[in-house]
Amino acid sequence: MTDRTDLQGLSLDTLAVRAGIERSQFGEHAEALYLTSSFVFKSAAEAAARFSNQQPGNIYSRFTNPTVTVFEQRLAALEGAECCIATSSGMAAILSMAMGLLKAGDHVVCSAGVFGATVQLFGGILKRFGIDTTFVSGTDPSGWQAAMRPQTRLLYVETPSNPLTEVYDIAALAEIARRGGALLAVDNCFCSPALQRPLDFGADVVIHSATKYLDGQGRVLGGAVLGKKEVIYEGVLGFLRTAGPTLSAFNAWVILKGMETLNIRLQAQCASALRLAQWLEQQPQVARVYYPGLPSHPQHALAMKQQKSGGGIVSFDLKGGKEAAWRVIDGTRLLSITANLGDTKTTITHPATTTHGRISPEARAAAGIGDGLVRIAVGLEGIEDIQADLLRGL
Ligand SMILES: *Cc1c(COP(=O)(O)O)cnc(C)c1O
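Being a predicted model, the structure only gives us computed values, none of them experimental.

Rules behind the numbers
- Residues numbered from 1 in each chain as written.
- Predicted model: local features only at pLDDT ≥ 70, side-chain atom pairs only at ≥ 80, totals over all residues.
- Heavy atoms only, no water.
- Buried < 20%, exposed > 50% of the residue type's maximum accessible area, 1.4 Å probe, protein only.
- Helix = DSSP H or I, 4+ residues; strand = E, 2+ residues; numbered from the N terminus.
- Pairing = 2+ DSSP bridges.
- 1 Å grid on protein atoms, 1.4 Å probe; cavity = no way out; pocket = protein on both sides within 12 Å on 5 of 7 lines; lining within 4 Å.
- Points joined across faces, edges and corners; volume = space filled by probe spheres on them.
- Nonpolar A, V, L, I, M, F, W, Y, C, P; charged D, E, K, R; others polar.
- Domains from an automatic or database assignment.
- Core = buried A, V, L, I, M, F, W, Y, C linked by side-chain atoms within 4.5 Å.
- Contact = heavy atoms within 4.5 Å.
- Buried area = accessible area lost by both parts, 1.4 Å probe.
- Salt bridge = Lys/Arg side-chain N within 4 Å of Asp/Glu carboxyl O.
- Near = heavy atom within 4 Å.
- Areas by Shrake-Rupley, 256 points an atom, 1.4 Å probe, with all protein chains shown as cover.
- Axes fitted to C-alpha atoms, helices over the stretch in contact; angles between N-to-C directions.
- Parallel < 35°, antiparallel > 145°, perpendicular 65-115°, else oblique.
- Left-handed = near helix turned anticlockwise from the far one by under 90°.

(A) Representation of the pairing of strand β12 (residues 373-377). In terms of residue burial, β12 counts as a mostly covered element, since five of its five residues are buried. Where strand β11 (residues 347-349) and β12 come together, three bridges link them in antiparallel fashion. If you follow threonine 347 over to β12, its bridge partner there is alanine 377.

Written out as structure tokens, the structure reads:
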């Protein structure tokens, strides 16, 4: 943390530009970029003291790097977390959490509507190492309770979910986890701490893909695991330092600059997303709009309790199925046809044939992802231009 400022009580906007800064002897104003793999010691005795943990300080950038440390402290301040460790990507964050906190024989309960690679990680890779995962569909906490086993050590949820924006009750899931002797981890990628702070509702761990809203400009990959000291330092940190999926100093520096504008970007993106969702509800070709900020959303009240607003992602079903969905996507000239999200540039994607294309048609149908579904991650362009671009294919 900065040595001059007590961060207690400062607003999110202030923390996003100020938290974590530690200036060098040169007194640089902006965050410094330390591109160095190792750090030099004054003597053999100092090296020995650092390596044996008797003296704090940097040793090697797989363990710590000053630029990465600024990123960790800033994100921890935004999420209200005791500890944060940065990882090379969002998936590396989920893997590091799992490797740090779980062992063979443990059981995980996970929402069915999580990021595709997360399904493959829990359902495929970790299964080979003896960790069993039950995927629960539906937002009703009773389904999670029913999936609990004596061996359950982790509940894992993304809220709102991708691409259907289902909202899960974090406090209810935290209570189920606590009673079962498990931890609750929330992937907060869709909201970021600007809209939702899962630890405030009782979650134990927060996962981030910093690739999305934290960078916010589609430039670099990054991730983070946040939570209490005993969970993060005693569990996850050892895996990260030994196995090495650490965040690069350069990426940390880029993401730090993105975080400075996180709140104003998201406020603008959420305002546009709400207007777009309302407008889509008026279009005769649109069968259904999925957006937590709309009163028609099934968990609208819960979303407004947990989140500051509906978020930047809007999905909608077209009456004409895949053909109609592709016509809208191919009709765009401005929007980017790409699966990434959280960028200042609006992106449009057809989940059934891209992000969710590799799962079976039955599993896709069970997850509610129809052939007519289109997902838009709203950027910072003028809303009229986004609407005009969509109207061509509508
Ligand atoms: C993108 C994403 C991830 C994975 O993050 P990467 O940085 O691409 O590894 C995890 N969860 C959610 C919700 C995502 O959107």
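Next comes the rest of the write-up.
(B) Representation of the environment of alanine 117 within the structure. Inspection of the secondary structure puts alanine 117 in helix α5 (residues 116-128). The spatial distance from the C-alpha of alanine 117 to the C-alpha of methionine 91 is 7.5 Å, given a sequence separation of 26 residues.

(C) Inspection of empty space enclosed by the protein at higher detail. Within the structure shown, the criterion is met by one cavity of 30 Å³ or more. Around the largest cavity, the lining residues are Pro160, Thr165, Phe190, Pro292, Gly310, Gly311, Gly312 and Ile313. Of the residues that constitute the lining of the largest cavity, the class distribution is four nonpolar, four polar and no charged. Viewed by domain, the lining of the largest cavity spans two of them, domain 1 (8-259) and domain 2 (262-391), each represented by three or more residues.

(D) Quick look at the nonpolar core. Counting residues in each nonpolar core, the largest one holds 65 residues, and the members touching the most others are Phe71, Leu276, Leu280, Val289, Leu318 and Leu390. Top contributing element to this core by residue count: helix α10 (residues 262-281), with eight residues. Setting aside chain neighbours within four positions, we find phenylalanine 71 in contact with Ala86, Ala210, Gly223, Ala224, Leu247, Ala252, Ile255, Leu256 and Met259. Judged by nonpolar contacts, the second largest core, of 25 residues, contains Cys110, Val114, Leu126 and Val205.

(E) Broad picture of the domain arrangement of the chain. Domain assignment breaks the chain into domain 1 (8-259) and domain 2 (262-391). In this structure, domain 1 and domain 2 have C-alpha centres spaced 26 Å apart. If you look at the interface, domain 1 gives 34 residues, while domain 2 gives 35 residues. The largest per-residue losses of area from domain 1 upon contact with domain 2 belong to Leu164, Leu195 and Tyr213, which jointly make up 25% of the total buried on that side.

(F) Region of interest: the pattern of salt bridges. For the structure on display, the rule yields 14 salt bridges. Of the charged contacts in the structure, one is a salt bridge between arginine 74 and glutamate 260, with a shortest N-O distance of 3.8 Å. You can see arginine 74 sitting in helix α3 (residues 66-79) and its partner glutamate 260 sitting in helix α9 (residues 249-260), a full 186 residues away along the chain. For arginine 74, a relative accessible area of 0% corresponds to the buried category. Among the charged side chains, a salt-bridge network with shared partners connects Glu31, Arg74, Lys257 and Glu260.

(G) How the structure looks around the site of the ligand. By nearness alone, every residue bordering the ligand is listed as Ser89, Gly90, Met91, Phe115, Glu158, Asp187, Cys189, Ser209, Thr211, Lys212 and Gly222. When the ligand is considered free in solution it has 380 Å² of accessible area, and contact with the protein chains removes 92% of it. Of the residues contributing to the shell around the ligand, the split by class is three nonpolar, five polar and three charged.

(H) Structural detail: the layout of surface pockets. When its volume is computed, the largest pocket comes out at roughly 1100 Å³. As for the largest pocket, its lining consists of 48 residues, and the residues nearest its centre are Asn58, Thr64, Thr69, Glu72 and Arg241. Counting only elements with at least two residues in the lining of the largest pocket, the list comes to α2 (44-51), α3, β1 (83-87) and α8 (229-243). If one sorts the elements of the lining of the largest pocket by residue count, α3 sits on top with eight residues. Among the residues making up the lining of the largest pocket, the classes are represented as 23 nonpolar, 16 polar and nine charged.

(I) Structural context of the sheet that holds β12. The strand order across the open sheet formed by five strands is β8-β9-β12-β11-β10, and the pairing between neighbours is mixed. A single partner strand is all that each edge strand has here, and the edge strands are β8 (286-290) and β10 (336-337). With four bridges connecting them, β8 and strand β9 (residues 313-318) associate as antiparallel partners. Following the sheet pairing, arginine 288 is matched in β9 by aspartate 317. Packing of helix α12 (residues 321-331) onto the sheet brings it into contact with β9, β10, β11 and β12, and relative to β9 it is tilted by some 135°.

(J) The packing of helix α4 (residues 90-101) against α8, seen in detail. In contact at an axis separation of 8 Å, α4 and α8 are set at 110° when each is read in the N-to-C sense. Between α4 and α8, the interaxial angle falls into the category roughly perpendicular. Judged by the twist between their axes, the crossing of α4 over α8 is right-handed. Facing α4, whose interface residues are Leu95, Ser96, Met97, Met99, Gly100 and Leu101, α8 presents Val231, Gly235, Val236, Phe239 and Leu240. The residue inventory of the contact of α4 with α8, partitioned by class, reads eight nonpolar, three polar and no charged.

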